[in-house]
Amino acid sequence: MSDAEESPTFEPAAPNTGDEFEPVDVFPDSDDFDLRPGADSCYKCSTCDTNCPVAEVDDDFPGPKFQGPEQWRLKQTDDDYTVDDSIMSCSNCMRCDNACPSGVPLSQMHNTARGEYVSEQMDTLSVEYVRNRILANYRTSAFLASKVPRLANVAMNFGPARWLMEKTLGVTRERDFPEFATQTFREWWADRGGADASRRNARERRERRGEPTDGEKKVAYFHGCYSNYNTPEVGKAMVRVYEHFGYEVVAPEQRCSGTPMFANGMLADARRHAEVNVSSMSDLVEEGYDAVASCTSCSMALRQEYPELFDIDGIEEVAANTFEALEYLRINEDLTGAVREAEVSGDLAREFAYHAPCHARNQGLDRQAVELFRDLEGAGIEDVGESCSGISGTYGWKEEKYEKSMEIGEEMFEHMAHAEGEVGMTECPTCAMQMEHGSGYEIRHPLELLEAALVE
Amino acid sequence: MASTPHIAVLGGGSTGAGIARDLAMRGLDVTLLEQGNLTHGTTGRMHGLLHSGGRYAVSDQASATECIEENRVLRDIASHCVEMTGGLFVKRPEDSEAYFEAKLQGCADCGIPAEVVSGEEARAMEPHLAKDVDKAISVPDGAVDPFRLVVANAASAQEHGARIETHSKVTDLLVEDGEIVGVEVEHASGPGKRVHGTEGGTEEIRADYVVNATGAWAGRIGDMADLDIAVRPSKGVMTIMNIRQVDTVINRCKPKGDADIIVPHETTAILGTTDEEVEDPEDYPEEQWEVDMMIDTLSELVPMLQEARTIRSFWGVRPLYEPPDVGSTDPTDITRDFFLLDHEDRDGMPGMTSIVGGKFTTYRMMGEQISDHVCGKFGIDATCRTAAEPLPGSEDFSVLRDYMDEFGLRSPIGRRSVERLGSRADEVLQTDRPNPTVCECEGVTRAEVQDAITQSGSDLNAVRIRTRATMGNCQGGICSHRLANELHREYDQHVVRQAWDELLQERWKGQRHALWGEQLSQAALNYSLHATTQNRDHDPADGDPVDFAAFDDGVDHTGGSGGADVAADGGRHGD
Ligand SMILES: Cc1cc2nc3c(=O)[nH]c(=O)nc-3n(C[C@H](O)[C@H](O)[C@H](O)COP(=O)(O)OP(=O)(O)OC[C@H]3O[C@@H](n4cnc5c(N)ncnc54)[C@H](O)[C@@H]3O)c2cc1C
Ligand code: SF4
Ligand code: SF4
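Residues numbered from 1 in each chain as written. Chains lettered and ligands numbered in written order. Predicted model: local features only at pLDDT ≥ 70, side-chain atom pairs only at ≥ 80, totals over all residues. Heavy atoms only, no water.

Trainee: Explain the overall build of chain B here, please?
Mentor: Helix and strand counts for chain B come out as 17 helices and 23 strands. Taken over C-alpha atoms, the radius of gyration comes to 25 Å for chain B, in line with the 25 Å a tight globule of 575 residues would show. Taking the principal axes of its C-alpha atoms as reference, chain B extends roughly 90 × 65 × 45 Å. Counting only residues that meet the buried cut, chain B has 60% of its 575 residues in that class. Considering only contacts within chain B whose residues lie at least 6 apart along the sequence, 70% involve residues at least 24 apart. (Helix = DSSP H or I, 4+ residues; strand = E, 2+ residues; numbered from the N terminus. Rg over C-alpha atoms; globule rule 2.2 N^0.38 Å. Buried < 20%, exposed > 50% of the residue type's maximum accessible area, 1.4 Å probe, protein only. Contact = heavy atoms within 4.5 Å.)

And the structure:
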């Protein structure tokens, strides 16, 4: 069933600031959306352009106003109206979405145009395509590397190999590849006893907290690739914190959220992964689970990009029931109260320089870590400002974008240097890479601090 | 005959421009006189439908047959003005089955290729059609840009030696010994290209023959020689949507009715229309309920229109004519056919023929018939070539180019530019100079604007109709001043100011009927931009030329009067 059949009318009520935009499939069962109607909301104020971090440093990039409403309005549905190649310079940070005062579905327009560009106009034998495809399918590389993590860690950052990758694939050798964990999150999870163990732990906690033991507190954890392969400590922290509040956690079958694929216009890849994710999540949502992600780009993908770009059974329900990990606890538990009473000592009793990822900003989550931890005894937190980190997932890994990525990040690096703390904090794994790369600081996830504060 | 006859053609709409081209191609001396811009009259205020004839296939089969013939010709000779969108006559469940069948039969009778498609197929072609549409008839309707077409006809006439005078109003017919021998003309700004502020004047133009192609104004020209030409002007409203909700012409398959057609036009879709007789072709009420009716009624076919953004509305008057003995009371019953009124045969006044009625789609055929008629008067035996020779811009061309490589333009901008310029694209767009986009909504670059200025002088509305600049969603809010700026160097600042004022006035006029929702936000933004950055709310320099020489250089940092090192960027604090 298509969107078109579900909702006959396009409804940006006039005036429609921030209203939902519902595209109609051009053809049922395809992902070709006609986004021209989205241009109706644009009144050309250029606020999006002034907020685009790429346009600021890249003079050849025409900016979101052109990429989005202008290009779509000038386009027609016939195949021979092409998409301008500058769409490949957009990093998909989605800041323009947030900046627009008029509810123009900018990132949806960029994502769709990019998908069309890649599938119809890009040479699939070109180095750029191959490189982008490899970067976008990080999960595949990570899956292989995790089989031999120690070897992979050495090999991936081995000088001559990196030189070769830059020359032949255009992957910058300025950056170090992230380290692979010797035990993935899922391996740990299975060793620990999986969902059964979590149910027991949660029951026990509920009893201790004086809550009904048969209570319906259950979440499906979307860990994403990064906390599985690279930072399992984030995943572990999530499980322990949630169990602490009496939640049973399950870790359903899942693939990549699709974030790097959207950014590279690989919509067919993204769709394949999304189908798996939606199918396993929607079954659980039907059983009363909520989906919780520890990565803000993953939660963004599930709750916004999926329903905007794909038409998969159950996608709306999954989107409506997806949350970011801190956000969910702030809604459902007295997290502030718990943190206020807690004290942290040891390794994480530090001052943190916190950066809010762009995708957290889009979900209205940019202040949550700061608001939460400023009351925590033993640790301090300082916001390093609202600039973009500049890496935007795969963008900063491209050889030709590296300099621009660092130029965008400059403001954040400067603020980090001025901040009191010498440990960084952020929810997004690629922002973390950029923060580490630019400052040399170690970077932690808010869930890790929460675990240190709350879980004995 | 010894010397070449000189023909004065009155009216620079599609009919007049078509006649001028035809006569000039047959070797006659032609002067075309138009009181405003080209397309100032009905031609600039029509729906843009290249009729397949389907609309008249039941009620007026003679017109329908002419339409399909000319439809085929124009696809060929005016390919850069025509987009073959195809058209559908859509039947809703409540519409009459008998009429649907009659329409299908009518199309067959008139030689209009027509095919029945199911509701589902129609929705696959046009996903925004209402879910419950029954079925449809597909016909070869198209979209045509009247501005480009008329400009190309005039340009071709000019290439064949015609004199084209715009902003030149015919104020009298010269009658000597009971014969019309010429016209008296008032030039708004001197003959030739229009330049604001140039002294105007009257001119007597003697002609061997006069052709009155002033459409709804034909009666007024007749009055000048006491000839009674009973044109019955009938108004119709059209509402422009910001985007194309449909890429096919959508007609309601019903006997005549208001608000029954949507025509995709360039980046927009145009809803229409009504048919209501008016007294005066220049002064008639424009009412909001007419616009509301377009949107309400047509949303029965395309529901999303109800919430979609409109950018403006405009009205046009049909130059309908029927022979005095018919006496229709309802204007929709008046034939869409055209008539040649030879005033010698009809009124005993030689020297002029009027052409009245007709349609845009059949303009060329009208031109051919009247040119035959005029040539007959002078015993000239020249064949008509307008059906075979492409218009300037429509010679062989392709819109599929590498826009970046060839013109340094981003693809959607290059694509739209090449569509507008047709075979003139290389000549206009290949430039060594910087070529920024001037109008972002429609993707119009400086090179195209400069080309239009070369054709039409300081008149920015004439630049607008040639390029579509200011015709997008901001309606000139963001680009009017940039366009005005393009006039500078060639034209002095007071000329630029007048041209700019005139453009803003024109743009504002049509938006008055679209002021709710998004277009209201747009108008508010335009207002504050223009007021705060361009003194548009109260310009102290308004009216008089500004004496720039009277400005001093400011004060330099030593406190003396400024020299060459005065900061022109506002300076730095403490300087
Ligand atoms: C609402 C509406 C929708 C229409 N839609 C379509 C359509 O979709 N398809 C189609 O084929 N047809 C359509 N038509 C019909 C079509 O627009 C007209 O038949 C056609 O444009 C008439 O052109 P014209 O040159 O005869 O008249 P005009 O375009 O009116 O030209 C007459 C010109 O004479 C000039 N003039 C008048 N008096 C003087 C003077 N004293 N001195 C100098 N110049 C003078 C006027 O300024 C004007 O420019 C539509 C008409 C209307 C009203
Ligand atoms: S998503 Fe980010 S990079 Fe892309 S256009 Fe928007 S603001 Fe610019
Ligand atoms: S911020 Fe929104 S309304 Fe303003 S130009 Fe950008 S898309 Fe258009």
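Trainee: In this structure, what is going on with the site of ligand 2? I would like to understand it.
Mentor: All names here are of chain A. Neighbouring ligand 2 are 13 residues; Cys-52, Cys-90, Cys-93, Met-94 and Cys-96 lie closest to it. Counting residues per element, the ones that place at least two in the shell around ligand 2 are helix H3 (53-57) and helix H5 (95-99). Grouping the amino acids of the shell around ligand 2 by side-chain chemistry returns nine nonpolar, three polar and one charged. (Near = heavy atom within 4 Å. Nonpolar A, V, L, I, M, F, W, Y, C, P; charged D, E, K, R; others polar.)

Trainee: Just to check I follow, could you spell out helix H24 (residues 429-439) of chain A for this structure?
Mentor: In an α-helix, one full turn covers 3.6 residues, which means residues spaced three or four apart are oriented alike. Residues and elements named next belong to chain A. Residues of H24 that are buried: Pro-429, Thr-430, Cys-431, Ala-432, Met-433, Gln-434 and Met-435. Contacts from the buried residues of H24 go to helix H13 (224-229), strand S7 (351-354), helix H23 (402-418), strand S9 (423-425) and strand S10 (442-444). Positive backbone phi, approximately 80°, marks Gly-440, located one or two places after H24.

Trainee: Just checking my understanding: could you explain the domain arrangement of chain A for this structure?
Mentor: Accessible area lost upon the coming together of the parts serves often as the stated size of an interface. Residues and elements named next belong to chain A. The domain boundaries assigned to chain A delineate domain 1 (39-119), domain 2 (185-332) and domain 3 (341-454). Between domain 1 and domain 3 lies a buried interface of about 1,200 Å² when both sides are counted; carbon and sulfur atoms form 52% of it. Among the salt bridges present, the one from Lys-404 reaches Asp-58, with a minimum N-O distance of 3.9 Å. The interface formed by domain 1 and domain 3 holds seven residue pairs in polar contact (both at pLDDT 80 or more) in total. Here the side of domain 1 that touches domain 3 is built from residues that sort into six nonpolar, four polar and three charged. (Domains from an automatic or database assignment. Buried area = accessible area lost by both parts, 1.4 Å probe. Salt bridge = Lys/Arg side-chain N within 4 Å of Asp/Glu carboxyl O. Polar contact = N/O pair within 3.5 Å; in protein donor to acceptor, adjacent residues only side chain to side chain.)

Trainee: Mind showing me how you'd approach the packing of helix H2 (residues 61-77) of chain B against helix H9 (residues 363-377) of chain B here?
Mentor: Angle between the axes and distance between the axes are the two parameters that describe a pair of packed helices. All names here are of chain B. In the contact formed by H2 and H9, the axes pass within 8 Å of each other and the chain directions differ by 100°. Judged by the angle between their axes, H2 and H9 are roughly perpendicular. Each of Glu-66, Glu-69, Glu-70, Val-73, Leu-74 and Ile-77 in H2 lies in contact with H9, whose residues at this interface are Tyr-363, Arg-364 and Met-365. Taken together, the residues of the contact of H2 with H9 sort by class into five nonpolar, no polar and four charged. (Axes fitted to C-alpha atoms, helices over the stretch in contact; angles between N-to-C directions. Parallel < 35°, antiparallel > 145°, perpendicular 65-115°, else oblique.)

Trainee: What's the story with the site of ligand 1 in this structure? I'm lost.
Mentor: Residue and element names in this part refer to chain B. Close to ligand 1 lie 35 residues, the nearest being Thr-15, Glu-34, Thr-42, Thr-43 and Thr-361. Between an oxygen atom of ligand 1 and a main-chain N or O atom of Gly-41, the distance comes to 3.0 Å. At 3.2 Å from a nitrogen atom of ligand 1 is found a main-chain nitrogen or oxygen belonging to His-47. Protein chains bury 96% of the 1,000 Å² of accessible surface belonging to ligand 1 in isolation. Every element with two or more residues in the shell around ligand 1 is listed here: helix H1 (14-25), strand S10 (168-176), strand S14 (231-241) and strand S19 (310-321). (Areas by Shrake-Rupley, 256 points an atom, 1.4 Å probe, with all protein chains shown as cover.)

Trainee: What am I meant to see in the pattern of salt bridges here?
Mentor: Close approach of charged atoms lets side chains of opposite charge pair. Under the counting rule described, the total for this entry stands at 77 salt bridges over all chains. Asp-196 of chain A is the salt-bridge partner of Arg-199 of chain A, the closest N and O atoms lying 3.4 Å from each other. Highlighted residues: Arg-199 of chain A and Asp-196 of chain A, both in helix H12 (residues 194-208), separated by three residues, approximately one helical turn. Across the salt bridge formed by Lys-217 of chain A and Glu-333 of chain A, the nearest N and O atoms sit 3.0 Å from each other. Of this pair, Lys-217 of chain A sits in the loop between H12 and strand S3 (218-222) while Glu-333 of chain A sits in the loop between helix H19 (325-332) and helix H20 (335-341), placing them 116 residues apart in sequence. Residues joined by salt bridges that share partners form a network here, namely Arg-92, Glu-94, Asp-95, Asp-132, Arg-252 and Glu-300 of chain B.

Trainee: Explain the confidence of the model for chain B here, please?
Mentor: Parts of the model with low pLDDT should not have their predicted coordinates read in detail. Scored by pLDDT, chain B comes out at a mean of 91, with 95% of its residues at no less than 70. For this predicted complex, the interface confidence reaches an ipTM of 0.88, while the overall pTM sits at 0.87. (pLDDT = per-residue confidence, 0-100.)

Trainee: What exactly am I supposed to notice about the environment of Val-151 of chain B here?
Mentor: All names here are of chain B. Tracing the sequence through the fold places Val-151 in helix H5 (residues 146-159). The exposure class of Val-151 is buried, given its relative accessible area of 11%. Sequence separation between Val-151 and Leu-391 is 240 residues, and the spatial gap between their C-alpha atoms is 9.8 Å.

Trainee: Would you mind going over the interface of chain A and chain B with me for this structure?
Mentor: Each side of the interface is counted separately: chain A has 41 residues, and chain B has 41 residues. When the two sides are added together, the surface that chain A and chain B hide from each other amounts to roughly 3,400 Å², 51% of it contributed by carbon and sulfur. Of all residues in chain A, the largest losses of buried area upon contact with chain B belong to Asp-40, Arg-73 and Leu-74 of chain A, amounting jointly to 24% of the total for that side. Taken together, the connections running from chain A to chain B amount to five salt bridges. Salt-bridge contacts for Arg-410 of chain B lead to Asp-84 of chain A; the nearest nitrogen and oxygen are separated by 2.9 Å. Linking chain A with chain B are 23 residue pairs in polar contact (both at pLDDT 80 or more), by the criterion used here. When residues of the side of chain A that touches chain B are traced back to their parent elements, those giving at least two are strand S1 (24-25) and helix H4 (64-74) of chain A. Among the elements that take part in the side of chain A that touches chain B, H4 of chain A stands out by supplying six residues, more than any other. Residue composition of the side of chain A that touches chain B, by class: 19 nonpolar, eight polar and 14 charged.

Trainee: Sorry if this is basic, but what is going on with a negative patch on the surface here?
Mentor: All names here are of chain A. Residues Glu-56, Glu-174, Glu-386, Glu-403, Glu-407, Glu-410, Glu-411 and Glu-414 make up a contiguous surface patch of negative charge. A per-element tally of the negative patch places H23 first, with five residues. Its location among the elements puts Glu-407 in helix H23. Look at Glu-407 and you get partly exposed, because its relative accessible area is 48%. (Patch = residues over 30% accessible without salt bridge, like charges linked within 9 Å, V, L, I, M, F, W, Y side chains within 5 Å. Lys, Arg positive; Asp, Glu negative; His and termini not counted. Charge placed at Lys NZ, Arg CZ, Asp CG, Glu CD.)

Trainee: I'm lost on the sheet that holds strand S8 (residues 142-144) of chain B in this one. Help?
Mentor: In any sheet, the strands associate via hydrogen bonds between backbone groups, in a parallel or an antiparallel arrangement. Residues and elements named next belong to chain B. Strands sit in the order S3-S8-S4 across an open sheet of three strands; the sheet is antiparallel. Looking at the sheet topology across the chains shown, the edges are occupied by strand S3 (49-50) and strand S4 (82-83). The sheet contact formed by S3 and S8 spans two bridges and is antiparallel. Paired with Leu-49 across the strands is Ala-143, a residue of S8. (Pairing = 2+ DSSP bridges.)

Trainee: Would you explain unusual backbone geometry in this entry?
Mentor: Residue and element names in this part refer to chain B. Thr-273 follows Gly-272 through a cis peptide bond whose omega is -15°. Structurally, the position occupied by Thr-273 is in the loop between strand S17 (268-272) and strand S18 (276-277). Notably, Ala-259 is not glycine yet its phi reads approximately 50°, a positive angle. Accessibility expressed as a relative area gives 3% for Ala-259, which makes it buried.

Trainee: How should the sheet that holds strand S4 (residues 248-250) of chain A be read in this particular structure?
Mentor: Residues and elements named next belong to chain A. Read from one edge to the other, the open sheet built from four strands follows the order S4-S3-S5-S6, with strand pairing classed as parallel. Two strands lie at the open edges of the sheet, namely S4 and strand S6 (322-324), each paired on one side alone. The average undirected angle you get between the axes of adjacent strands in this sheet is 35°.

Trainee: How should I be thinking about the nonpolar core in this particular structure?
Mentor: If you look at soluble globular proteins, the nonpolar side chains tend to sit buried side by side. Residue and element names in this part refer to chain A. Tyr-117, Val-118, Phe-262, Tyr-306 and Phe-310 are the most contacted members of the largest nonpolar core, which totals 51 residues. Each of domain 1 (39-119) and domain 2 (185-332) gives at least three residues to this core. With residues near it in sequence (within four places) discarded, Tyr-117 still touches Val-83, Asp-84, Asp-85, Ile-87, Met-88 and Met-122. (Core = buried A, V, L, I, M, F, W, Y, C linked by side-chain atoms within 4.5 Å.)

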